[in-house]
Amino acid sequence: MRDLTSSLWIKMKGGLFLVLALLCGTLLFLLNPTLKVAVLLILTVWAFCRFYYFAFYVIEHYVDPSYRFTGLFSFAGYLFRRLPQAATEGDSPRENPTRRC
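Remember, predicted model here, so these are calculated numbers, not experimental data. (Residues numbered from 1 in each chain as written. Predicted model: local features only at pLDDT ≥ 70, side-chain atom pairs only at ≥ 80, totals over all residues. Heavy atoms only, no water.)

## Comments concerning the packing of helix 1 (residues 7-31) against helix 2 (residues 35-63)
(1) Moving on: Contact pair helix 1 / helix 2: the axes reach a minimum separation of 9 Å and the direction vectors enclose 150°. Comparing the axis directions of helix 1 and helix 2 gives the class roughly antiparallel. In this structure, the crossing between helix 1 and helix 2 has a hand that is right-handed. Residues G25, L28 and F29 of helix 1 lie in contact with helix 2, whose contacting residues are V37, A38 and L41.
(2) Moving on: Among the residues forming the contact of helix 1 with helix 2, the class breakdown is five nonpolar, one polar and no charged. (Axes fitted to C-alpha atoms, helices over the stretch in contact; angles between N-to-C directions. Helix = DSSP H or I, 4+ residues; strand = E, 2+ residues; numbered from the N terminus. Parallel < 35°, antiparallel > 145°, perpendicular 65-115°, else oblique. Left-handed = near helix turned anticlockwise from the far one by under 90°. Contact = heavy atoms within 4.5 Å. Nonpolar A, V, L, I, M, F, W, Y, C, P; charged D, E, K, R; others polar.)

This is the structure:
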C-alpha cells in the first residue's frame, strides 16, 4: 500500500476522523445522557489525546531522539524492548539530569 501524499486527502481523512469521533461520542452520550457520562467521556478523549502526544512527541523529542515510531504497536514494542534496559541503565531523569520528560 502506498503512503497518502495528497494534502486534500490527508485533510479529508482528518475530517472523517473528526466526524466519526463526534458521532460516536454523541451516540454514547445519548445512551445515558447525564452529566457524569459527559464528563467521563470528555476525560477519556482528553486522556487518550495526551497519551498519543506522549507516545509520539515526548518520546521522540525528549527520551530517545533516534527512534521514529510508526504507530501505537511500534510504540508498544519499543516500550517492551526498553523496559529491561531502563531498569539497569539508570535511565531515570533524576539520575541523568540532561534528559527531560
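Anyway, onward from the coordinates.
## Considering the nonpolar core
(1) Moving on: Listed in full, the six residues of the largest apolar core are A55, F56, I59, F69, F75 and Y78.
(2) Moving on: Considering each element in turn, this core owes the most residues, three residues, to helix 2.
(3) Moving on: Aside from chain neighbours lying at most four places away, what touches Y78 is I59, V63, D64, Y67 and F69. (Core = buried A, V, L, I, M, F, W, Y, C linked by side-chain atoms within 4.5 Å. Buried < 20%, exposed > 50% of the residue type's maximum accessible area, 1.4 Å probe, protein only.)

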